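Inside the fold
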Amino acid sequence: MTQDEMKKAAAIKALDYVEADTIVGVGTGSTVNHFIDALATIKDKIVGAVSSSEASTQRLKSYGIEVFDLNNVDGIDVYVDGADEVNAHMHMIKGGGAALTREKIVAAVAKTFVCIADDTKQVPVLGRFPLPVEVIPMARSYVARELVKLGGDPSYRTGVVTDNGNVILDVHNLEIIDPIALENSINAIVGVVTNGLFANRAANVLIIGSNEGAKIIK
């Protein structure tokens, strides 16, 4: 299988967690695009979706799937999203597509978080993938200095503005031994909206696409 075929296999398997007559939380990224394509095949069975990005919203709407504002939804049974890295504890780094804040919000609301990824995303220790941090624009330089104190090497993601109107700092050269502690430390820096560590809210289910097909880890 190619990497894209592995992503597709994981995405299709995630349909097993979508129940009829529910609103589905939908993430962002190349693997999630495969999930949206698959979700379209059962769109008449669901009420609609809550989306974590403008890009996913447009893809959902192109299939005729109704997209709800999260403020108008009491709850979400399942949220399906990808990961840039995931460890054995289902802690993740997300935000390569700069949608981390909305992704984290939707994940917080959902009863079950299903992470879909190909097997190249599995790592023993998080940090090889640069950790995205969403920052209020006026605080960019200050936050960068604080991230250096935490042992990181932050770089400004030039030309990228999030759906919330903020900027992204990508933090390189981290070996993240305690993801929960680092997530909390970075979020405590004034000017940080949130960071791409999903450790306080880890995945409940991990679906990995591999040469053998999709395998489920709980």
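Anything mentioned here points back to the structure above.
This text gives an overview of the structure that appears in the document.

Conventions and cut-offs
Residues numbered from 1 in each chain as written. Predicted model: local features only at pLDDT ≥ 70, side-chain atom pairs only at ≥ 80, totals over all residues. Heavy atoms only, no water. Helix = DSSP H or I, 4+ residues; strand = E, 2+ residues; numbered from the N terminus. Rg over C-alpha atoms; globule rule 2.2 N^0.38 Å. Buried < 20%, exposed > 50% of the residue type's maximum accessible area, 1.4 Å probe, protein only. Contact = heavy atoms within 4.5 Å. Areas by Shrake-Rupley, 256 points an atom, 1.4 Å probe, with all protein chains shown as cover. Lys, Arg positive; Asp, Glu negative; His and termini not counted. Charge placed at Lys NZ, Arg CZ, Asp CG, Glu CD. Axes fitted to C-alpha atoms, helices over the stretch in contact; angles between N-to-C directions. Parallel < 35°, antiparallel > 145°, perpendicular 65-115°, else oblique. Left-handed = near helix turned anticlockwise from the far one by under 90°. Nonpolar A, V, L, I, M, F, W, Y, C, P; charged D, E, K, R; others polar. Core = buried A, V, L, I, M, F, W, Y, C linked by side-chain atoms within 4.5 Å.

**A few points about the overall build of the chain**
Scanning the chain from N- to C-terminus turns up 6 helices and 13 strands. Its C-alpha atoms give the chain a radius of gyration of 17 Å, within 12% of the compact-globule value 17 Å for 218 residues. In terms of overall dimensions, the chain has C-alpha extents of about 50 × 40 × 30 Å along its principal axes. For the chain, with 218 residues in total, the buried portion stands at 54%. Put simply, of all contacts in the chain between residues at least 6 apart along the chain, 72% involve residues at least 24 apart. Looking at the chain as shown, the accessible area adds up to about 9,800 Å², and 50% of this sits on carbon and sulfur atoms. Across the chain, the centroid of the 20 positively charged side chains sits 1 Å from that of the 27 negatively charged ones.

**A short note on the packing of helix α1 (residues 3-13) against helix α2 (residues 30-39)**
In helix packing, the relevant descriptors are the interaxial angle and the interaxial distance, both defined with respect to the helix axes. Between α1 and α2, the least distance of the axes is 8 Å, while the angle of their chain directions is 50°. Classed by the angle they form, the pair α1 and α2 counts as oblique. Taken as a pair, α1 and α2 cross one another with a handedness that is right-handed. Contact residues: D4, K7, K8, A11 and I12 in α1; S30, T31, H34, F35 and A38 in α2. Along the lines of polarity and charge, the residues of the contact of α1 with α2 split into 4 nonpolar, 3 polar and 3 charged.

**Re the side chain of T31**
Inspection of the secondary structure puts T31 in helix α2. Leave out the neighbours within four places in its chain, and T31 touches K7, A11, I116 and A117.

**Examining the nonpolar core**
Counting residues in hydrophobic clusters, the biggest one holds 23 residues, and the most contacted among them are V24, V26, F35, L39, V114 and I116. Elements that contribute at least two residues to this core include exactly α1, β1 (23-26), α2, β3 (76-81), β6 (110-118) and β12 (205-210). In terms of residues, this core owes the most to one element, α2, which gives 5 residues. For V26, the contacting residues outside a window of four places in its chain are V32, F35, I36, L39, A49, V50, S51, S52, L60, Y79 and V80.

Worth remembering: the numbers are spatial, not functional.
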